Each structure stands twice: as structure tokens, then as C-alpha cells.
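The primary structure of each chain is shown beneath.
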Amino acid sequence: MTKIIDKRELCEKVCQFKIEAPHLVRKARAGQFVILRLDENGERVPMSIGGLDKVNGILTIVIQEVGKTSGAMNRMKIGDCFADVVGPLGVPSHIEKFGNCVCIGGGVGIPPIYPIAQALKEAGNNVTTIIGARSKSLLIFEKELTEASHRLLISTDDGSYGTHGFVTTVLQKLLNDGEKIDMVICVGPVPMMKAVVETTRKPAIKTYVSLNPIMVDGTGMCGACRVTVGGKTKFACVDGPDFDGHEVDFEEMTKRMKMYIRQEKIAYEKFLHDGCHLKKQMDTISN
Amino acid sequence: MTMVEPNNEPLPKKERMKIPRQTMPEQDPKERIKNFREVPYGLPIDIAIKEAQRCLECKKPKCVAGCPVEVDIPAFLIKIAKGDFVGAARKIKETNAIPAICGRVCPQEEQCEKVCILANKGKSVAIGYLERFVADYEREHGKIEIPNLPPPTGKKVAVVGSGPAGLTVAADLAQMGHKVVIFEALHKAGGVLVYGIPEFRLPKAIVASEVDYLKLLGVDVKTSYVIGKLDTIDELMEMGFDAIFIGTGAGLPNFMRIEGENLNGVYSANEFLTRSNLMAAYNFPDKDTPIHVGDNVAVLGGGNTAMDSVRTAIRLGAKNAYIVYRRSRAEMPARLEEIHHAEQEGVKFNFLTTPIKYFGDENGWIKKMECVRMELGEPDASGRRRPVLIEGSNFVLDIDTVIVAIGNSSNPLIPRTTPGLATNKWGNIQVEEQTMMTSRPGIFAGGDIVTGGATVISAAGAGKVAARAIHRYIMGLPSIEDKVEGKIPKEEAKKL
């Protein structure tokens, strides 16, 4: 059992959890992930690491409600427990002194950029971070990333904050301004990662993307997380999650991530319906 | 009339020889394809006694030599014949801590029952059925007890992986008085017994009960603990373990590397079975994990895993479930019983066939599978005739789910993080056969991580050999059966 010691709603449908996992936190490094289970009936859900408090042994994860499991997780309270957490899994992000690094995060891909930016900064890099969201109210981790980066740049789709446009709008501007960029690392929704690698392809800037395909065991045993990288099948759980973005077949990945879209809908609707039903029952009892 | 009542006066041999081999009642195929309940029901008491009475109590019982975990088979059969079922269970448990599992999934027809003296004269004693019978009897009657354990030795052993090899090592070492801690990567203990073998062949409650028995023996089981990630093998050594056993199984699923293999609907057997078994996806949405089964399911391979996959697919609603195997029926590695059950359940077999390409729709879902026919050529390294492609024999099948069950490679997690651990060209850990000790003193390995994909019982057998060698190693005992230990004195080994 893994106890929630702090929980905060960062924006609509997005919650930040701090959970007790001292051994895991001690061993985990930036870019790795964990697998979390809601309860005894729960599926095994890979989650990016959104922060590692090595002193107190606290793991930060950020969950966006997109279906039944994430919905149920985001309804958990401080003091509640997840059934289990396992990790650290995957290969840590490649950290060395590259020079000028650009860390890019979008949506719930922003939190995992935070420990990566920290590690790159510690390794002596000059770190620029670009984060983007649809709107200002949906932007998260601004404070953390301000501290973890030398420079934080922001974009919003609706122009309510920072540059009007996408993270690639900001990235392209840096390139247009002739900034020397030695390495880019990007975590976010697939379309965003695809757009970033297209932006850096021509100037041939080394670009890592952190992939989050469907997984079950997370240790290489099942092969659910197959991705095609450079024409070869890789397992994101043990070969990744970071890959050379210019080599990733994003089209295939997009399709593979929709494998259970039908079942996810059934489960989510049942969850929302059962939730309403339960609430009605509770209301009846309290009345 | 043959006697069915327990009797302390053994039947004369002549009478015993007259008893025909008893059959085990099982669920009707038409019914069982709609559920995940266990197929064979187990033997009723009177039938079990009758069957046990068939044992001729050979002076030199070949069955014992045929058992990888050295169960004293005649001794437990005699106890059954006398009606002492709990005594029979304990007799088995002296050498095999997981009889309810072995009684169900061992290929007895290839082991103890194959060499039974009666096998030549008709039909061997149904040793597997009887092993299952007594283990179930003991459990169902709440008779499971802790055996007398020797005083603690103060030695600690780490066991990595809780599959059949790990469970056996742990049980044997615990019964020698050592402290054992099992580290399991998944959230539930049992390894392949919980993620791989389906409920209808091995109910998960039975695995849980056998794991609980280990806990009664004082074994600690730590789940969700990935060795090679959370701690390395060397870190375990630093934590004060006197020896380590690696039984992590055959970890990485093989694919055929043909076009279209990453289409949606193409599974590894590991994933398909893990979803259905460990995650109980057959109960979706009551359980959260989903699984996809289309109308036309092709399972590639001819082993037990292929049979488990295809029979699971049928239960999950496949209209047509095919086995696609590149050799012929005679070369299938699956147990006869599994093939028979699959046939009863309506599985269609495509022998001498192999896929070469998958075709998908615009959303990336598999729709068709192009195959070619094969013919058998000269025997290969496995002794089986090598399948050779017949040019121009291509044909296309409508298939919307594929389950690839063509074996596993070794998982590199531990070899990669353990300096000095020798592996062969397939990545399997190399061991000294008589002791199962690896190139690193004090580190032992056994099961599929050493042999590549094999059976539950061969893994348990390896665990048994390793347990004995580990005991000698940590107690600093002179070695009789193994050479490696003597070569490296313990003090020296500790420095490494």
C-alpha cells in the first residue's frame, strides 16, 4: 500500500499527488517512470515521475483524468492508499553536459520535464524550458520550472499567457533568432512531440522524446509498449522511455495508443454513472 | 468387484492389476468455453483410493527417478490407499512444496507416469491426478500445517522471482532453517503460475494458497520489487544476504519480425495471457484491465502457451480460433492433454503453416494475415524436422486478432546490471549444472532464465538442485556432488 501524503488540484481534471515511496525515490532518476495501481481490481498504469524529494522519500506524480482509473485516482484523498507502486522503471534520461539544452513539456508532460531540467542543470547545462497549454488556467508547474531552469518560456494556444501559439512556435523563434541549441528533450502529447521533432529535424538538433505507450508489466515481459524506432521494434519500458525523436514512428504509436479506446469509454461511462448513482444514494440517506 | 474402501491390508497384486485406470470427471466442453472455471473437477475420494490401489509398490520405483523434484510417489500412493490423505499430502511436501500446482500442470505423461511399470502393461497409475487430489484434500479440509522446522541457521538467502523455481528454492531453504526473502517484480507472487497459466487450468486461489504455505514456513515475499531496478544483485549482497537465487524466468517475448506485427490486435502471448490471468481482464469492466478478442483469432505456435492462449481466446468470445503452427501435429511441444482439450473446445489447427505478413485497416487494426505452407525437411538441432517454405503456396486468411506464442528470450534486466554474470549467446545465465551456481560465487540461477522457455516442473527441479547447493555453500559444507564450491572457498568468495 502506498500512502498519499499530499494532494492538490493543479487545474481542471489534473491533480498532483505526493506519495510515500522512500526506497523507490532514493533509486529513481530523472526520466524514469513508475507503475501505479488504484486498488485490487486496478490496471497497471505507467506514470511519469514529476518530482523526487530525495530527502523525505516523497514521489510526485501528476494525473489527468481521462478515464475510469485516472478519474478514480483523482477522487482519492490525502491519507488514502494506492494498492501498489513499482519502480523505478525504464532507462533514466541521458544526462551529460550538452551545452544549451531545451526542455519542452506539454500538458501532463510538463511535470516529468521538471526532474529532467533539474538534472540537466546540475550537470552544468544551460537549460531553457518551454511549456505549453491550451490556456493559462491549464498551465502547471510554472513555479517549479522557473526554479529548475535558467530560462522559462511559455506558450498558450489561446494567447492568454506567454506566446500565442504552441511550444513549437517558441522553439522555432529561438531557432530563427540564431540561438545555438545542442539538445532538445520533449515530453507531452504525441502530436506535440511529433511537431517538435519536425522542428528540429532540419537543423539536425539531437531531440529526445519520452514515450508513454500502453504497458502492462513495465519490465519487458509483455511487449504491449512496442514502438518502432529507426525501423526497429523497441519496448518503451526497457529500451526507453526516451528515444531519438527523429527515428520514432509517431503515426504507428498514435494508432497503438487507441487500442482500447472502446473499452476505455465503456469503463469511464460506467464509472461516471456509478458515481452519480452512489451520490444519489448518499443524498437520499443523508436526507 | 474391486475394493474402493480404504484398507490397511493391501490388495493382492493380482487384484490391483484388475483395476482399470480411473478417469477424472471434467466440465463439458460446450459449457466450459463460456467460463473460466477449472476444466477437470478432481477425483472423488472413492475413485482416488481405487486409483491409488493400482500402484504395485515396485521395489525399485522408476516413478521416483522420473520426478524432477524426487517425490516419494509409492509412499504417498500407499497412504492414499489407506485413506490417509493428509499424510499423503505431507509426504509429497517433504520434497515438493507446491503439489496442488504440480498435480495440475506437470507433464506426468513425460515423467513419473511414463516410467511407471504399469505403463508397459496398459496404463500407468494416474500419479498427477492423485497428487492433485491429496493437495486439494489437505487445503479444502483446512489441514495445512507448518512442518517441524529445524532451528534457524542465521543465514539469509534472497530469491529473485516467485515462479516455480523461486518458490521451490524458497520452500526447500526455509525447511533447512534459513531465512528466505522472495523479491517479485509484479504485484502478485507466483510468476508464470499467475500471469501465464489460465484460471481454467490452474486456479489462482491455489497458487495463492501455495504461496501462503511458504509464508507459513517463514518466507518473506516482497512484491512490486524489481531487482535490477530498485536494487541490483550486488546491492542485495551488500544488504547481508549470504546467497542469491535468480529465477526470473524467460522474460522477453519473441516476435516474428514480419511486416505489420505492430498493428493493433497483434499480441504477444505474454501480454494476452497476463491481461487475462494476472489482471483478470475476462472480468472487464468489473476489473479495470481491458483485453481485445476479435471474431477470428490466430495463435502462432504449438506449445502449451499457444494452447493456453487459444483456449482463452475461445472463452473470450472468438468465433474462430486457430492454431497456426509451422510444423505438423507430431512436433507440437504442447502436452497431449492440452491439445485434446483445445480440440474439444473447437480450436482449428493449421499445421505446416506460417504467417509472412499482416494487413491492417486505416486505423491500424489487423484484418488479414498472409500465410505460406511448409513441408518438413531434415531434422534440426532440436531433433525435430525443420519446416521448409513451399514457394508459391501463399494464401490469405481473415484474421482480426493474432497471438504470438513462439517463445521468449531472456530478460536482460539482471545480466545487464550484474557485472561478471556470465550469459550465453541467447542471454541465458550460465550455471554449473550440478550446483546451479553462476560465474559469480554465491549467486545461483535456475529455471527459464537458464534454460530458455521450458516447463514448470523443470524449473522446480532446478530450484531443488540449487537449494541443496545453496545450503552447502552458505553452511560452508564440504561439497560432494559439486565441484565449483570447493574451488572457491567461502572467505575468498565473500571478497568478490
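Chemist: Is there a simple way to explain the pattern of salt bridges in this structure?
Modeler: Working definition: two side chains of opposite charge can pair if their charged atoms are close together. Overall, the coordinates contain 53 salt bridges over all chains when judged by the stated rule. Its salt-bridge partner being Lys-27 of chain A, residue Asp-231 of chain B comes within 2.5 Å of it at the nearest N-O pair. Note that Asp-231 of chain B is positioned in the loop between β3 (220-222) and α14 (233-238) and Lys-27 of chain A in helix α1 (residues 22-27), a pairing that runs across two chains. Notably, a salt bridge pairs Arg-75 of chain A with Glu-65 of chain A, separated by 2.9 Å at the nearest N-O pair. Of the two residues, Arg-75 of chain A is situated in the loop between α2 (68-74) and β7 (81-82) and Glu-65 of chain A in the loop between β6 (58-64) and α2; the sequence distance between them amounts to 10 residues.

Chemist: Explain the packing of helix α16 (residues 304-315) of chain B against helix α17 (residues 336-344) of chain B here, please?
Modeler: Any two packed helices are characterised by the angle at which their axes cross and by the distance between the axes. Residues and elements named next belong to chain B. Running from amino to carboxyl end, α16 crosses α17 at an angle of 25 degrees, the nearest separation of the two axes being 10 Å. Considered as vectors, α16 and α17 are oriented roughly parallel to each other. Where α16 crosses over α17, the two elements pack in a sense that is left-handed. Along the contact surface, α16 presents Asn-304, Met-307 and Arg-311, while α17 presents Glu-338, Ile-339, His-341 and Ala-342.

Chemist: What is the right way to look at unusual backbone geometry in this model?
Modeler: Excluding glycine, most residues fall at negative phi; most peptide bonds, likewise, are trans. Of note, the bond from Gly-240 of chain A into Pro-241 of chain A is cis; its omega dihedral lies within 30 degrees of zero at 15 degrees. That bond from Phe-284 of chain B to Pro-285 of chain B is cis: its omega, 5 degrees, falls within 30 degrees of zero. Secondary-structure assignment places Pro-285 of chain B in the loop between α15 (269-276) and β7 (296-300). Located in the positive-phi region is Ala-280 of chain B, a residue other than glycine, with phi close to 55 degrees.

Chemist: How should the interface of chain A and chain B be read in this particular structure?
Modeler: Many authors give the size of an interface as the accessible area that is lost as the parts come together. Tallying the contact residues gives 43 residues for chain A and 44 residues for chain B. Roughly 3600 Å² of surface becomes buried between chain A and chain B when both sides are summed, with 54% attributable to carbon and sulfur atoms. Of all residues in chain A, Met-221, Arg-226 and Met-259 of chain A give up the largest surface area on contact with chain B, accounting jointly for 19% of the area buried on that side. There are 24 residue pairs in polar contact (both at pLDDT 80 or more) connecting chain A and chain B. Mapped by element, the contributors of at least two residues to the side of chain A that touches chain B are α1, α2, β8 (84-89), β15 (226-229), β16 (232-235), α8 (250-256) and α9 (261-286) of chain A. If one sorts the elements of the side of chain A that touches chain B by residue count, β8 of chain A sits on top with 6 residues.

Cut-offs used in this document
- Residues numbered from 1 in each chain as written.
- Chains lettered and ligands numbered in written order.
- Predicted model: local features only at pLDDT ≥ 70, side-chain atom pairs only at ≥ 80, totals over all residues.
- Heavy atoms only, no water.
- Salt bridge = Lys/Arg side-chain N within 4 Å of Asp/Glu carboxyl O.
- Helix = DSSP H or I, 4+ residues; strand = E, 2+ residues; numbered from the N terminus.
- Axes fitted to C-alpha atoms, helices over the stretch in contact; angles between N-to-C directions.
- Parallel < 35°, antiparallel > 145°, perpendicular 65-115°, else oblique.
- Left-handed = near helix turned anticlockwise from the far one by under 90°.
- Contact = heavy atoms within 4.5 Å.
- Buried area = accessible area lost by both parts, 1.4 Å probe.
- Polar contact = N/O pair within 3.5 Å; in protein donor to acceptor, adjacent residues only side chain to side chain.

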